[in-house]
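Now for the letters of each chain:
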Amino acid sequence: MKIDFNKDRDGLVPAIVQDSETKNVLMLGYMNDDALAKTKELQKVTFFSRSKKRLWTKGEESGNFLNVVDIKVDCDKDTLLILARPDGPTCHKGTDTCWGEENTQQFGFLSELEKIITDRRDNPENEKSYVASLFRSGINKIAQKVGEEAVETVIEAKDDNEELFLNESADLLFHYLILLKAKGYELQDVVDVLKGRH
């Protein structure tokens, strides 16, 4: 791994730290050649502090270390991406990230859909909401819908109409997310089970 420490007159390169699992950006620091060597040696993220003018290992006082999983260098060889597993909050202010965000796993649009389903469950007064009507009908109706959509997905899997298969698959996933919420769970809980099995 060749890093160009000479582009900056101080011999520093930015080091972006990303959670290896959630992929959330946790913080940004700076490294010189010694900081990178110390990071590799300890397998804990170590920066060069521009204010203290010395190396400092993130967590050396708080115990909230950033345990190195992988280190990558960008195409210009002047920026590092460090994948790490955090031991507790990353920011000195006690937040998960230095941007004050929670370091939770996100599943893109599926996470947005979970939020919508939660809102429909928590605000059932919307008479036109299909999701709210399912929650009003109870767990048996929701489970029945998942079963129906599963059967329809299997039927379409045996045919050659890809559009119908994908639509039924979407219906199945949508109703399954509703069932998870009705049982008090989220997609993350299922992912945790799968990770445990892996």
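Because the structure is predicted, anything quoted here is derived from the model rather than measured.

Caption draft 1: Structural view of the environment of Ala150. By the secondary structure assignment, Ala150 is in helix α4 (residues 139-157). When the C-alpha atoms of Ala150 and Ser111 are compared, they prove to be 21 Å apart, with 39 residues separating the residues in sequence.

Caption draft 2: Broad picture of the packing of α4 against helix α5 (residues 162-182). The interhelical angle for the contact between α4 and α5, taken along N-to-C directions, is 155 degrees, at an axis separation of 8 Å. Classified by the angle their axes make, α4 and α5 are roughly antiparallel. As α4 runs across α5, the sense of the crossing is left-handed. Side by side, α4 and α5 meet where Ile139, Ile142, Ala143, Lys145, Val146, Glu149, Ala150, Glu152, Thr153, Glu156 and Ala157 of the first sit next to Leu164, Phe165, Glu168, Ser169, Asp171, Leu172, His175, Tyr176, Ile178, Leu179 and Ala182 of the second. Its residues placed into classes, the contact of α4 with α5 shows 13 nonpolar, three polar and six charged.

Caption draft 3: View of the packing of aromatic side chains. Taken as a whole and assessed by the stated rule, the structure comprises one aromatic pair. Taking the centre distance of 5.4 Å and the plane angle of 40 degrees together, the rings of Phe47 and Trp56 count as tilted. For Trp56, a relative accessible area of 21% corresponds to the partly exposed category. One Lys or Arg, Lys44, reaches over the ring of Phe65 and ends 4.9 Å from the middle of that ring.

Caption draft 4: Representation of unusual backbone geometry. A positive phi angle, close to 70 degrees, is found at Lys23, a residue other than glycine. As for its position among the elements, Lys23 is in the loop between β1 (13-19) and β2 (25-31). One non-glycine residue, Gln43, adopts positive backbone phi at about 60 degrees. Note on placement: Gln43 falls in the loop between α1 (33-42) and β3 (46-49).

Caption draft 5: How the structure looks around a nonpolar patch on the surface. A cluster of nonpolar residues, Ile16, Val25, Leu28 and Trp99, forms a patch on the protein surface that exposes about 350 Å² of accessible area. Checked against the element boundaries, Trp99 lands in the loop between β6 (80-86) and α2 (109-122).

Caption draft 6: Representation of the nonpolar core in the model. Core analysis: the largest hydrophobic core is formed by 18 residues, its most contacted members being Val17, Met31, Val45, Leu80 and Ile82. In terms of nonpolar packing, the next biggest core, distinct from the first, is built from twelve residues, Leu113, Ile117, Leu177 and Leu187 among them.

Caption draft 7: Expanded view of the pattern of salt bridges. This model, assessed by the stated rule, comprises eleven salt bridges. A salt bridge links Lys72 to Asp70, with the nearest nitrogen and oxygen atoms 3.8 Å apart. Its relative accessible area of 40% is what places Lys72 among the partly exposed residues. Salt-bridge contacts for Asp119 lead to Arg120; the nearest nitrogen and oxygen are separated by 3.5 Å. We classify Asp119 as partly exposed; its relative accessible area is 36%. One salt-bridge network, held together by shared partners, links Lys145, Glu148 and Glu149.

Caption draft 8: Main features of the environment of Glu163. Relative to the assigned elements, Glu163 resides in helix α5. Expressed as a C-alpha distance, the spacing of Glu163 and Tyr130, which sit 33 residues apart in the sequence, is 23 Å.

Caption draft 9: Quick peek at the packing of helix α3 (residues 130-137) against α5. Contact geometry of α3 with α5 gives a least axis separation of 11 Å together with a crossing angle of 45 degrees. Here α5 runs oblique to α3, going by the angle between their axes. Every pair of crossing elements has a handedness; the one defined by α3 and α5 is right-handed. Only Phe174, His175, Ile178, Lys181 and Ala182 of α5 make contact with α3, whose side of the interface consists of Tyr130, Val131, Leu134 and Phe135. Taken together, the residues of the contact of α3 with α5 sort by class into seven nonpolar, one polar and one charged.

So, how was this worked out
Residues numbered from 1 in each chain as written. Predicted model: local features only at pLDDT ≥ 70, side-chain atom pairs only at ≥ 80, totals over all residues. Heavy atoms only, no water. Helix = DSSP H or I, 4+ residues; strand = E, 2+ residues; numbered from the N terminus. Axes fitted to C-alpha atoms, helices over the stretch in contact; angles between N-to-C directions. Parallel < 35°, antiparallel > 145°, perpendicular 65-115°, else oblique. Left-handed = near helix turned anticlockwise from the far one by under 90°. Contact = heavy atoms within 4.5 Å. Nonpolar A, V, L, I, M, F, W, Y, C, P; charged D, E, K, R; others polar. Phe/Tyr/Trp six-rings, centres within 6.5 Å; stacked < 30°, edge-to-face > 60°. Buried < 20%, exposed > 50% of the residue type's maximum accessible area, 1.4 Å probe, protein only. Lys NZ or Arg CZ within 6 Å of the ring centre and 35° of its normal. Patch = residues over 30% accessible without salt bridge, like charges linked within 9 Å, V, L, I, M, F, W, Y side chains within 5 Å. Areas by Shrake-Rupley, 256 points an atom, 1.4 Å probe, with all protein chains shown as cover. Salt bridge = Lys/Arg side-chain N within 4 Å of Asp/Glu carboxyl O. Core = buried A, V, L, I, M, F, W, Y, C linked by side-chain atoms within 4.5 Å.

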